[in-house]
Amino acid sequence: MINLNPPLSGRDVKKLRAGELVKINGRIVTARDRAYLRALELLRAGKRLPLDLRGAVIYHCGPIVRKTPRSWQILSGGPTTSARLDRMQAEFVRRTGVRVLIGKGGIGEEVAAELARLGCVYLAFTGGAAVLAAQAIERVERVLWRDLGTAEALWVLRVLNFGPLVVAIDTKGNNLYIHQKRWGK
Amino acid sequence: MLPTLSKLDCMLTEPKFRAAIVEMLRRAETALPEDIVRALKRSRGRERGRIARLQLDCMLKNLELAKRLGAPICQDTGTFTFFIRLGSELKLNFDLKKALDKAVAQATREVPLRANIVDPFTRKNTGTNVGIEQPSVHLELIPGKKLSIDLLVKGAGAENWSRFFMLRPADGGKAIERAVLLTLVEAGGQPCPPTIVGVGVGGSAEVAPVLAKRALLRSLDRPNPDAGLARLERRIAQAANRLGIGPMGLGGQTTVLGVHVEKAACHTASLPVAVALQCWAARRARARLLNGRLRVEAP
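Each value, and the rule that gives it
Residues numbered from 1 in each chain as written. Chains lettered and ligands numbered in written order. Predicted model: local features only at pLDDT ≥ 70, side-chain atom pairs only at ≥ 80, totals over all residues. Heavy atoms only, no water. Contact = heavy atoms within 4.5 Å. Buried area = accessible area lost by both parts, 1.4 Å probe. Salt bridge = Lys/Arg side-chain N within 4 Å of Asp/Glu carboxyl O. Polar contact = N/O pair within 3.5 Å; in protein donor to acceptor, adjacent residues only side chain to side chain. Helix = DSSP H or I, 4+ residues; strand = E, 2+ residues; numbered from the N terminus. Buried < 20%, exposed > 50% of the residue type's maximum accessible area, 1.4 Å probe, protein only. Pairing = 2+ DSSP bridges. Right-handed = clockwise from strand over helix to strand, strands pointing away. Axes fitted to C-alpha atoms, helices over the stretch in contact; angles between N-to-C directions. 1 Å grid on protein atoms, 1.4 Å probe; cavity = no way out; pocket = protein on both sides within 12 Å on 5 of 7 lines; lining within 4 Å. Points joined across faces, edges and corners; volume = space filled by probe spheres on them. Nonpolar A, V, L, I, M, F, W, Y, C, P; charged D, E, K, R; others polar. Domains from an automatic or database assignment.

1. Thoughts on the interface of chain A and chain B
Interface size, as often reported, equals the accessible area lost upon joining of the parts.
Step number 1: Of the residues lining the interface, 36 residues belong to chain A; the matching set on chain B comes to 39 residues.
Step number 2: Approximately 3000 Å² of surface area, both sides summed, lies buried where chain A meets chain B, with 64% of it carried by carbon and sulfur atoms.
Step number 3: In this structure, the connection of chain A to chain B is made through 0 salt bridges.
Step number 4: Scanning the region where chain A abuts chain B turns up 13 residue pairs in polar contact (both at pLDDT 80 or more).
Step number 5: Put simply, the parts of the chain that give the side of chain A that touches chain B at least two residues each are β4 (64–67), β5 (72–76), α5 (130–135) and β9 (154–169) of chain A.

2. Here's the deal with the pairing of strand β1 (residues 79–87) of chain B
Residues and elements named next belong to chain B.
Step number 1: Buried residues dominate β1, accounting for 7 of its 9 residues.
Step number 2: Where β1 meets strand β3 (residues 147–154), 8 bridges bridge the pair, whose relative direction is antiparallel. Bridge assignment links Phe83 to a residue of β3, and that residue is Asp150.
Step number 3: Handedness of the β1-helix α5 (residues 96–110)-strand β2 (residues 136–142) crossover: right-handed.

3. So, the sheet that holds strand β7 (residues 271–278) of chain B
Residue and element names in this part refer to chain B.
Step number 1: Here 4 strands make up an open sheet; going across it, the order is β4-β7-β5-β6 and the pairing mixed. Edge strands, defined here as strands with exactly one partner in the open sheet, are β4 (163–167) and β6 (256–264). Pairwise comparison of adjacent strand axes, ignoring direction, gives a mean angle of 15 degrees for this sheet.
Step number 2: Sheet topology places strand β5 (residues 195–202) next to β6; 8 bridges connect them, and they run parallel. Directly across from Gly198, in β6, lies its bridge partner His260.

4. Looking at the layout of surface pockets
Residues and elements named next belong to chain B.
Step number 1: Put simply, the second largest pocket is a space of about 540 Å³.
Step number 2: Along its surface, the second largest pocket is lined by 23 residues, and Asp150, Leu217, Arg218, Arg222 and Arg286 are the ones closest to its centre.
Step number 3: Secondary structure elements with two or more residues in the lining of the second largest pocket: β1, β2, β3, α8 (207–215), β8 (284–290) and β9 (293–298).
Step number 4: A per-class count over the lining of the second largest pocket returns 10 nonpolar, 3 polar and 10 charged.
Step number 5: Here the lining of the second largest pocket gathers at least three residues from each of two domains, domain 1 (7–29 + 73–155 + 284–296) and domain 2 (156–278).

Rendered as structure tokens:
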């Protein structure tokens, strides 16, 4: 299994090929619909995000959390449907410099092609395997934009052997989700 | 005689009812029914692809962890639909709807579950999983003094791929199969396959979707008792598993765990068909009134 330690360079992700297995050690950041919207609003207005996402790993996830005396605990945190964010995906990656998206269900083919050009790969984590994912989360480093709601906030997570992740869409145009288009009219 | 019977009715108090519903929600969210686990294991044995196997292994491992830790299987703890069969002679001395709402809010705090319910326009979250028409309740009146409650938990990943078709009556079974396959192909990996497919045939534009959802409550071990419908279920399932979508859409032979068809009578000029997909984490639970106590049966 390939080990990735973010922040990542373009070279790090361009080596990855569809079908390979990956685990992540280090920092990942959750984001979904409303976080994407807010991030794009800020960046379009020329403002900065509260954290640097260059080379970062974004995890499409809206977790179940519990408050602990000093921080938070993620009880259940599997991936959410990535394609819901498709209209924002390419612009988000271009403006932030994110190198890896983790989610489930894949992204649209056109979006996938744009991500490949931007040097960003898509990794699949088994949908619904939320406790398995939570087990690999060592701690919550920070949480930002909590006003968006627990599921929509940016959870900055320190993860240990987060995976197994499957390289589902690589930068060479390979896409494990394509087979499903074959069924004809 | 009569006094004894009414005493029996009163044994189901609001706190006991509420506790049973909370228990139902907790069990449904943290463990899957045996038939689903068995079907996932069977699929794991059949799949030959490395990635398909890995996805099923992760699902099975996650189920073990969720059970052991008492944590929700999936962070999308979904929305709740209660199918209630209520004996018309049974007297309850509390407000059933209010008790359900309270139980849902309590389970949301205690399990805990993710608060998913928002206003459709403002998107403001109620924080309790209770809102207008949420939880959703379908009440069926039956004779006598019985009471049974079925709970269906459904995440948005699968729910968002529900489809409704108004087919031509002359098209028949082939068109129903096509509608299901079209739904599955469009959905791809997004509803978290292998899915269970609920198909509601007939009724009307509001009946068919309810049938499709109710079909998801049936155990995978029980084909439709109608031989013709059982054949249709098998045929669609086989065709679906030839699509190649596979576990999580990453390719493989297991796209569906089963297809359940339910029917209702309809207008001579209509053929309504609703398709409801349930993700592999097919969460459901059941409770039945037995000797004045509401017993939670599954999983």
